Amino acid sequence: MTDNPEISEPPFTLPVNLVLIGFMGSGKSSIGRILATKLGFQVIDTDALVVEAAGMQITDIFEWKGEDGFRHYESQALAYLVERAARKMVVATGGGIVTLETNLPLLHQLGFVVQLTASEDVIFERVSRNKSRPLLHTPNPRETISQLLASRAPLYAAAADYTLDTSTKSHSQAAEAIIAEARRRYPA
Ligand code: S3P
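Owing to the predicted nature of the structure, the values given are computational and were not obtained by experimental measurement.

**Q** I keep staring at the overall build of the chain and nothing clicks. Help me out?
**A** On a plain count of helices and strands, the chain comes out with seven helices and five strands. Starting at the N terminus and walking to the C terminus, you meet the elements of the chain as β-α-β-α-α-β-α-β-α-α-β-α. Taken over the C-alpha atoms alone, the chain extends approximately 50 × 35 × 30 Å along its principal axes. Considering only intrachain contacts with a sequence separation of at least 6, the fraction spanning at least 24 residues in the chain is 76%. A total accessible area of about 9,500 Å² is found for the chain, and carbon and sulfur atoms account for 53% of it. In the chain, 18 positive and 21 negative side-chain charges are present, and the distance between their average locations comes to 4 Å.

In structure tokens form, the structure reads like this:
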């Protein structure tokens, strides 16, 4: 039991963690934070683990070690979370985590894998607000988004246990929808 009325009670028995995947700007970090608050879970961001391990910002990792170097850190961060076997986590992943096939079983070992989606327009609008994503440092970011979305869509779909379109939902509505689905699949 919890005394905090903000925390959904009871949540669900299994899986022990929620794992958010999806394209840049699909809402993983923001919705992850709200989910964690609603459930009383800890929120973990694989990008933050990568920055900590590398001792530099993501744009610098891409510049000095390339995308392959970044992916290496990202896979290590995922493996670390699986090994740690912690419970009650909401894990917000980087948008490219599905591009390495070896990451997929790790995502599933961690927990219930939820893909967040949004329309291309919404993604463009959201990612235009900050410049911290090196893959979008191109002459035509809109076109880059379009191409990356097309090539990654099947990868996200193959990795996801459940998919939620966040285009027209508030963060709180999206979080409630994920909790409802987790409850439905893993009743207490
Ligand atoms: C990336 C997404 C970013 C970050 C890095 C690469 C990608 O995370 O991991 O810039 O390949 O899609 P967000 O999805 O949180 O923006």
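**Q** Would you explain the pattern of salt bridges in this entry?
**A** Between side chains of opposite charge, a pair can form when the charged atoms approach closely. Counted by the stated rule, this structure contains eight salt bridges. Here Glu120 and Arg142 are joined by a salt bridge, their closest N and O atoms 3.8 Å apart. Of the two residues, Glu120 sits in helix H5 (residues 120–127) while Arg142 sits in helix H6 (residues 141–159), which places them 22 residues apart along the sequence. For Glu120, a relative accessible area of 28% translates into the label partly exposed. For Arg142, a relative accessible area of 29% gives the class partly exposed. One salt bridge connects Glu181 with Arg184, and the closest N-O pair in it is separated by 2.9 Å.

**Q** Please explain the pairing of strand S4 (residues 112–117) as it appears in this structure.
**A** For a regular strand, the rule is simple: side chains alternate between the two faces of the sheet. Across the six residues of S4, five count as buried, placing the element largely inside the fold. Sheet topology places S4 next to strand S5 (residues 162–165); four bridges connect them, and they run parallel. Residue pairing for S5: Val114 is matched across the bridge by Tyr162.

**Q** Is there a simple way to think about the environment of Arg84 in this case?
**A** Position of Arg84 among the secondary structure elements: in helix H3 (residues 58–84). Not counting residues within four places of it along the chain, the set of residues in contact with Arg84 comprises Gln42, Ile44 and Met89.

**Q** What should I look at first to understand the packing of aromatic side chains in this one?
**A** Geometry of an aromatic ring pair is reported as the spacing of the ring centres plus the angle between the planes. Scanning the model with the defined rule gives three aromatic pairs in all. Considering the side-chain rings of Phe112 and Tyr186, the 5.6 Å spacing of their centres and the 75 degrees angle between planes classify their relative orientation as edge-to-face. One end of the pair, Phe112, is in strand S4; the other, Tyr186, is in the segment after helix H7 (171–185), with 74 residues separating them in the sequence. With a relative accessible area of 0%, Phe112 lands in the buried category. Among the residues examined, Tyr186 registers a relative accessible area of 25% and is labelled partly exposed. Among the aromatic residues, ring-to-ring pairing joins Phe112, Tyr162 and Tyr186 into one connected group.

What counts, and where the lines are drawn
- Residues numbered from 1 in each chain as written.
- Predicted model: local features only at pLDDT ≥ 70, side-chain atom pairs only at ≥ 80, totals over all residues.
- Heavy atoms only, no water.
- Helix = DSSP H or I, 4+ residues; strand = E, 2+ residues; numbered from the N terminus.
- Contact = heavy atoms within 4.5 Å.
- Areas by Shrake-Rupley, 256 points an atom, 1.4 Å probe, with all protein chains shown as cover.
- Lys, Arg positive; Asp, Glu negative; His and termini not counted.
- Charge placed at Lys NZ, Arg CZ, Asp CG, Glu CD.
- Salt bridge = Lys/Arg side-chain N within 4 Å of Asp/Glu carboxyl O.
- Buried < 20%, exposed > 50% of the residue type's maximum accessible area, 1.4 Å probe, protein only.
- Pairing = 2+ DSSP bridges.
- Phe/Tyr/Trp six-rings, centres within 6.5 Å; stacked < 30°, edge-to-face > 60°.

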